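Report on the structure
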Amino acid sequence: MSNLLTSRLLAAIDWDEYQRNGRELPPSTVDWIEQNGKPNIKFEFKAIQKAVEWEVKLERLESKRREQELKIAFEREQAKLISKRKKSWIVLMRNFRKKYASLDAGGQEAYLHMLREKYSFPLKSLESVAGKKLNGEDYGNDTTEVLP
């Protein structure tokens, strides 16, 4: 999140604590009040609330955009694999599962990362290859849906 703390908000927080608890105002707040007048506490708190809501909304939209980009990249790589190997996606997935099962634990982890990096596999497809639930944080926290 960007820096949401402004001098107006900090002055409003200090002024609110002064009014509620009788806490002494810091010199910087006293100077700010002398220059700008008493802050409107309700307005400043509402402004920070709206700013936080906006930041959360932007993060959500960015996440959806990234998810869509990953989905498109995976579909592109999936089409390339199918045309390159001249096999159906079901057969290719069966081959990926066989290869995964033939490796030791360290090799399995490296294989899943290779599928993620090289072919843009989403987490759901990696879980299908591994046959188990995976920790999404290890694979870029991807939530892309797999198309049938």
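The sections below set out a description of the structure shown in this document. Residue positions are counted from 1 within each chain, in the order its sequence is given. With pLDDT at 70 or above as the cut-off, local features in this predicted model cover only qualifying residues; side-chain atom pairs require 80 or more to be listed or tallied, and sums for whole chains, interfaces and linings still use all residues. By convention in this description, side-chain values take in all heavy atoms of the structure and omit both hydrogens and water.

Below, the discussion takes up the pattern of salt bridges. Salt bridge, as used here: a side-chain nitrogen of Lys or Arg that lies within 4 Å of a carboxyl oxygen of Asp or Glu. All chains considered together, the criterion is met by 9 salt bridges. The shortest N-O distance in the salt bridge between Arg-8 and Glu-44 comes to 2.8 Å. Placement of the pair is Arg-8 in helix H1 (residues 7–21) and Glu-44 in helix H3 (residues 41–85), with a sequence separation of 36 residues. Owing to a relative accessible area of 8%, Glu-44 belongs among the buried residues under this scheme. Here the residues in one salt-bridge network are Asp-14, Glu-17 and Arg-23, joined through shared partners. Runs of H or I in DSSP of at least four residues are treated as helices and runs of E of at least two as strands, each being numbered from the N terminus. Relative accessibility thresholds used throughout: buried, under 20% of the residue-type maximum; exposed, over 50%; partly exposed, between the two (1.4 Å probe, protein chains only).

Positionally, Tyr-18 belongs in helix H1. Residue contacts follow a heavy-atom distance rule, with two residues in contact if any of their heavy atoms lie within 4.5 Å. Contacts of Tyr-18, omitting those with residues within four sequence positions, involve Arg-23 and Leu-25.

Once that is clear, we can look at helix H5 (residues 105–119). Over its 15 residues, H5 extends 21 Å from the first C-alpha to the last, a length consistent with the 21 Å expected when each residue adds 1.5 Å. Of all the residues in H5, the buried ones are Gly-107, Gln-108, Tyr-111, Leu-112, Leu-115, Arg-116 and Tyr-119. Where the residues of H5 are buried, they touch H3, helix H4 (89–101) and helix H6 (123–130). The positive-phi residue at the C-terminal boundary of H5 is Ser-120, with phi of around 55 degrees. One less than the number of residues in a helix, times 1.5 Å, gives the span that helix is expected to have.

Here a Phe, Tyr or Trp ring, Trp counted by its six-membered ring, pairs with any other such ring whose centre lies within 6.5 Å, and the pair is stacked when the planes are under 30 degrees apart, edge-to-face when over 60, and tilted otherwise. With the rule as written, the count across this model stands at 8 aromatic pairs. For the ring pair Phe-96 and Phe-121, a centre distance of 5.4 Å and an interplane angle of 85 degrees mean the geometry is edge-to-face. Highlighted residues: Phe-96 in helix H4 and Phe-121 in the loop between H5 and H6, separated in sequence by 25 residues. Ring centres of Tyr-119 and Phe-121 lie 6.3 Å apart, and the angle between their planes is 55 degrees; on these two criteria the pair is classed as tilted. Assigned by exposure class, Tyr-119 and Phe-121 land together as buried. One aromatic cluster is present, formed by Phe-74, Trp-89, Phe-96, Tyr-119 and Phe-121 through successive ring pairs.

Before going further, it helps to spend a moment on the nonpolar core. Trp-89, Phe-96, Leu-112, Leu-115, Phe-121 and Val-129 are the most contacted members of the largest nonpolar core, which has 17 residues in total. Those elements that place two or more of their residues in this core are H3, H4, H5 and H6. Of all the elements, H4 adds the most residues to this core, at 5 residues. Ignoring anything within four residues of it in the chain, the contact list for Trp-89 reads Phe-74, Gln-78, Leu-81, Ile-82, Phe-96 and Phe-121. The set of buried Ala, Val, Leu, Ile, Met, Phe, Trp, Tyr and Cys residues whose side-chain atoms join them within 4.5 Å is what this entry labels a nonpolar core. Counting 6 residues, the second largest nonpolar core, distinct from the first, contains Ala-11, Trp-15, Leu-25 and Ile-41.

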